[in-house]
Amino acid sequence: MLDATAAAQALSDAAGAARGFLGIDPVTQNCALIAAELTRIGAQVCRADDALVGYAHRPSQPRQALVASTSARAEPVATLLSFLRIHQRSTSYLALVPAGSVTIAAFEGCGFRQAGVLRDHRYQSGGYQDVLVYFAKEADTCRS
Amino acid sequence: MQVMTVRHFTEADIPARIKHMRDPSFQANLSDFATSITDESLAARQRRTIAQEQHTARIFTICGPGGEVAGFAWINPIDWYSQCCELSAGVLPPYRGGLGALAVAALYEYLLSELNIRVVVSQVLDHNQMMQSAELMAACRQVTCPLDSYTAGEWRAAHFWAFTEADARSYLGAEPAGRQALADRIRARIEEDQGP
């Protein structure tokens, strides 16, 4: 598990793969701003092999975790979900994924299903882009 | 591939930027504050901008063809609601001229495409031809303010102009072949200078 400063540096190094990770964007935010935002939302970021995964609990529903990954592989997300189930008593998960992101494969591989689309939700590369809302209940997820 | 690129300014870049700000040939383009305070005060201001002022001011490092530091740019103030900012930039001597123009193009592209800025206001003091010729400045300028700044012992007029989304469509979007040709010529010149 990385502290906010180390997490911000790791996400900055991941550059394009980290765009939209828990709502942050290394292209438009420097390390200090990313660290401040991770702290503000109470996010935790972990390294899992070559991937970064992260989560933040929603204050109004602490059993539901907002999760993110930089990788297309399902294994890092599965490991994160197991940790959240065992140690945080999470019962459901939400992922907000930029349209076209390679991480969609990781979430679908862990049992997430697309629940909706936030139209024109973020600006990147000269245009407004959709953000896909992925959801899974604990019972739907794969176990690592 | 872009010849000149832009990245976030970091604490590791501060000594190089202080040296640049105190370069007599460049300093005349700025207000005199960089020559009137200590290194530590100047560094502290930049650390504060990095850590605490990103919503109102940002500094960027301009990188050359090999990723090396080629200059610095800053936007201040930033009006996020109006999607407007004022841009200042300076490049190190080897990058003035054509590479400086490509650096400005990279900055415009970043500001409009990633930060969603719609209007970039530039201000250049009358004597400053480090990044554009007198002819180009005469074509660009929309407002001239006499006696705008007193720097390095002289009163200077300042020229202002706005770069808008419409300008971007013609400058950045409609002439990619022209920009690529310029980039190719500069790359060839660099390789020629570096030798076999």
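See the structure printed just above.
Residues numbered from 1 in each chain as written. Chains lettered and ligands numbered in written order. Predicted model: local features only at pLDDT ≥ 70, side-chain atom pairs only at ≥ 80, totals over all residues.

J.: Got a minute to help me understand the overall build of chain B in this structure?
T.: Summing up its helical and strand segments, chain B has seven helices and seven strands in all. Listed by position from the N terminus, the elements making up chain B come as β-α-α-α-β-β-β-α-β-α-β-β-α-α. Expressed as a percentage of its 196 residues, the buried residues of chain B come to 24%. Relative to all contacts within chain B whose residues are 6 or more apart in sequence, the contacts with residues 24 or more apart total 59%. (Helix = DSSP H or I, 4+ residues; strand = E, 2+ residues; numbered from the N terminus. Buried ≥ 20, exposed ≤ 12 C-beta atoms within 10 Å, placed from the backbone. Contact = placed C-beta atoms within 7 Å.)

J.: When you look at the interface of chain A and chain B in this model, what are you seeing that I'm missing?
T.: How big an interface is tends to be reported as the loss of accessible area on association of its parts. Counting residues at the interface gives nine residues for chain A, matched by eight residues for chain B. Split by residue class, the side of chain A that touches chain B holds four nonpolar, five polar and no charged. (Nonpolar A, V, L, I, M, F, W, Y, C, P; charged D, E, K, R; others polar.)

J.: Where do I start with the nonpolar core in this structure?
T.: Nonpolar side chains tend toward joint burial in soluble globular proteins. Of all hydrophobic cores here, the largest spans 73 residues; its most connected members are V77 of chain A together with I62 and A103 of chain B. The element best represented in this core is helix 4 (residues 98-113) of chain B, accounting for 10 residues. When sequence neighbours within four positions are dropped, the list of residues in contact with A103 of chain B reads M4, I62, A70, G71, A89, V91 and Y95 of chain B. (Core = buried A, V, L, I, M, F, W, Y, C linked by C-beta atoms within 7 Å.)

J.: What is the right way to read the sheet that holds strand 2 (residues 51-58) of chain A from this model?
T.: Residues and elements named next belong to chain A. Read from one edge to the other, the open sheet built from six strands follows the order 1-2-3-4-6-5, with strand pairing classed as mixed. Edge strands, defined here as strands with exactly one partner in the open sheet, are strand 1 (44-48) and strand 5 (113-124). Going from strand to strand, the sheet's axes swing by 25 degrees on average, the running direction of each strand aside. (Pairing = 2+ DSSP bridges. Axes fitted to C-alpha atoms, helices over the stretch in contact; angles between N-to-C directions.)

J.: Whenever I open this one, helix 3 (residues 74-88) of chain A confuses me. Can you help?
T.: Quick reminder: α-helices carry 3.6 residues per turn. Residues three or four places apart thus point the same way. All names here are of chain A. Taking 1.5 Å as the rise per residue, helix 3 with 15 residues should run 21 Å; its terminal C-alpha atoms sit 20 Å apart, in good agreement. Among all positions in helix 3, only A74, P76, V77, A78, L80, L81 and L84 are buried. In the core, the buried residues of helix 3 are packed alongside strand 1, strand 2, strand 3 (61-69), strand 4 (92-98) and helix 4 (103-109). (Expected span 1.5 Å × (residues − 1).)

J.: What exactly am I supposed to notice about the environment of F135 of chain A here?
T.: All names here are of chain A. Position of F135 among the secondary structure elements: in strand 6 (residues 127-137). The sequence separation of F135 and R73 amounts to 62 residues, and the corresponding C-alpha distance is 17 Å. Apart from the residues lying within four places of it in its own chain, the contact partners of F135 are L94, F112, R113 and A115.

J.: Could you clarify how one ought to interpret the packing of helix 1 (residues 14-21) of chain B against helix 3 (residues 39-52) of chain B in this entry?
T.: Two quantities define a packed helix pair, namely the angle between the helix axes and the distance between the axes. Residue and element names in this part refer to chain B. Packing of helix 1 against helix 3 brings their axes to within 10 Å, and their N-to-C directions diverge by 120 degrees. With respect to helix 3, the element helix 1 is oriented oblique. Helix-helix and strand crossings are classified by hand; for helix 1 and helix 3 the assignment is right-handed. Here helix 1 contributes I14, R17 and I18 to the contact with helix 3, which in turn contributes D39, L42, A43 and Q46. Considering only residue class, the contact of helix 1 with helix 3 consists of four nonpolar, one polar and two charged. (Parallel < 35°, antiparallel > 145°, perpendicular 65-115°, else oblique. Left-handed = near helix turned anticlockwise from the far one by under 90°.)

J.: Can you help me understand the pairing of strand 6 (residues 143-151) of chain B in this one?
T.: The side chains of a regular strand alternate, first on one face of the sheet and then on the other. Residues and elements named next belong to chain B. The buried fraction of strand 6 amounts to zero of the nine residues, a small share that puts the element mostly on the outside. Bridging between strand 6 and strand 7 (residues 154-164) involves six bridges; their strand directions are antiparallel. Looking at the pairing, Y150 lines up with W155 of strand 7. The hairpin formed by strand 6 and strand 7 contains two residues between the paired strands, and A152 there has a positive phi angle of roughly 45 degrees.

J.: Can you walk me through the pairing of strand 5 of chain A in this structure?
T.: All names here are of chain A. Little of strand 5 is tucked away, with zero of its 12 residues classed as buried. As paired elements, strand 5 and strand 6 share eight bridges and run antiparallel to each other. By the bridge assignment, G116 is partnered in strand 6 with V133.

J.: What exactly am I supposed to notice about the packing of helix 1 (residues 4-14) of chain A against helix 2 (residues 31-40) of chain A here?
T.: Residues and elements named next belong to chain A. Packing of helix 1 against helix 2 brings their axes to within 8 Å, and their N-to-C directions diverge by 125 degrees. Taken together, the axis directions place helix 1 and helix 2 in an arrangement best described as oblique. As helix 1 runs across helix 2, the sense of the crossing is right-handed. Between helix 1 and helix 2, the residues in contact are A4, T5, A7, A8, Q9, L11 and S12 and C31, I34, A35, L38 and T39, respectively. For the contact of helix 1 with helix 2, the per-class residue count stands at eight nonpolar, four polar and no charged.

J.: Can you walk me through the sheet that holds strand 4 (residues 84-91) of chain B in this structure?
T.: Pairing between the strands of a sheet comes from backbone hydrogen bonds, and it takes one of two forms, parallel or antiparallel. All names here are of chain B. Strand order in the open sheet made by the seven strands is 1-2-3-4-5-7-6, with mixed pairing throughout. In the strand order of this sheet, the two ends are held by strand 1 (5-8) and strand 6, each with one partner. With strand direction ignored, the average angle separating the axes of adjacent strands in the sheet is 35 degrees. Sheet contacts for helix 4: strand 1, strand 2 (58-63), strand 3 (69-79), strand 4, strand 5 (119-125) and strand 7; angle to strand 4, the most-contacted strand, approximately 155 degrees.

J.: Explanation requested: the environment of I14 of chain B in the structure shown.
T.: On the secondary structure map, I14 of chain B appears in helix 1. With sequence-adjacent residues up to four places away left out, I14 of chain B is seen in contact with A43 and Q46 of chain B.

J.: What is the right way to look at the environment of A78 of chain A in this model?
T.: Examined against the element boundaries, A78 of chain A turns out to sit in helix 3. Considered as a pair, A78 of chain A and C110 of chain A are 32 residues apart in the sequence and their alpha carbons are 6.2 Å apart.

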